[in-house]
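Analysis of the macromolecular model
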Amino acid sequence: MKKSAPAKKPAVKAKNSRAVIKKLIVRLKAQRFAVIASLLLAVVSVALTLLIPVLVGRGIDCITEAGRVDFSALRPSLIGVGVCAALAAASNYLMGLVNNRITYGIVRSLRSEAFSHIQRMPLSALDPRPVGETVSRLIADADQLADGLLLGFSQLFTGVMTIIGTLAFMLSINPLIAAAVVLLSPLSLLMASFIAKRTYRNFLD
């Protein structure tokens, strides 16, 4: 019977993780407008960032050889690159502000509820626990949650939109190459996983 106890720990941990994620999703619903704004800003930022190489390519096409540059056709591309870079930087800045507001709004509500819960708890439940443990949960754990949420919002939305936007630009330029990338990318991940699993034992020593 004692040997079967450790096997339950991963299941319990997974169940707790799912419960925490559900609670975070419920709290995100209260800030759904800020989440939508962050998502839209991520779309704008990624679209402008991906448009810059396209404009640079068009500008390079205006240079036929040394001393022969079509400046009248090159000028719009240069202006477009500058405008896209400025708007992308502004979008990233605004997205950071929105993500900070979402993250620290959630953490603030969690801390307020935690303080209210502690005030209602009986002393018999608080006395057996060290004071440092309670303070750590209210301060250190909340800060770690804030860092995780902020990193998740900053990278998740931008990463997903970058993948979708890159595929969209590739399909608009050359559908054949886009199809090859879509088919070969999972294959490369499988090969990397296969090689890593087979060579892992060689690095144990």
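What counts as what
- Residues numbered from 1 in each chain as written.
- Predicted model: local features only at pLDDT ≥ 70, side-chain atom pairs only at ≥ 80, totals over all residues.
- Heavy atoms only, no water.
- Helix = DSSP H or I, 4+ residues; strand = E, 2+ residues; numbered from the N terminus.
- Expected span 1.5 Å × (residues − 1).
- Buried < 20%, exposed > 50% of the residue type's maximum accessible area, 1.4 Å probe, protein only.
- Axes fitted to C-alpha atoms, helices over the stretch in contact; angles between N-to-C directions.
- Parallel < 35°, antiparallel > 145°, perpendicular 65-115°, else oblique.
- Left-handed = near helix turned anticlockwise from the far one by under 90°.
- Contact = heavy atoms within 4.5 Å.
- Nonpolar A, V, L, I, M, F, W, Y, C, P; charged D, E, K, R; others polar.

**Here we look at the environment of valine 56**
Note that valine 56 resides in helix 2 (residues 32–61). Along the sequence, valine 56 and valine 81 sit 25 residues apart, while their C-alpha atoms lie 7.2 Å from each other.

**Focus: helix 6 (residues 140–173)**
The terminal C-alpha atoms of helix 6 lie 49 Å apart, and with 34 residues this matches the ideal 50 Å at 1.5 Å per residue to within 8%. When we look at burial in helix 6, the residues that qualify are Ala142, Ala146, Leu149, Phe153, Phe157, Met161 and Gly165.

**A closer look at the packing of helix 2 against helix 6**
It is at 9 Å that the axes of helix 2 and helix 6 come closest, and there the two elements cross at 40 degrees. Classified by the angle between their axes, helix 2 and helix 6 sit oblique to one another. Our pair here, helix 2 against helix 6, has a crossing hand that is right-handed. Residue-level contacts link Val35, Ser38, Leu39, Ala42, Val43, Val46, Ala47, Leu50, Leu51 and Val54 of helix 2 to Phe157, Thr158, Met161, Thr162, Gly165, Thr166 and Phe169 of helix 6. Tallied by class, the residues present in the contact of helix 2 with helix 6 amount to 12 nonpolar, five polar and no charged.

Note that every value here comes from positions in space, so none of it alone points to a role or purpose.
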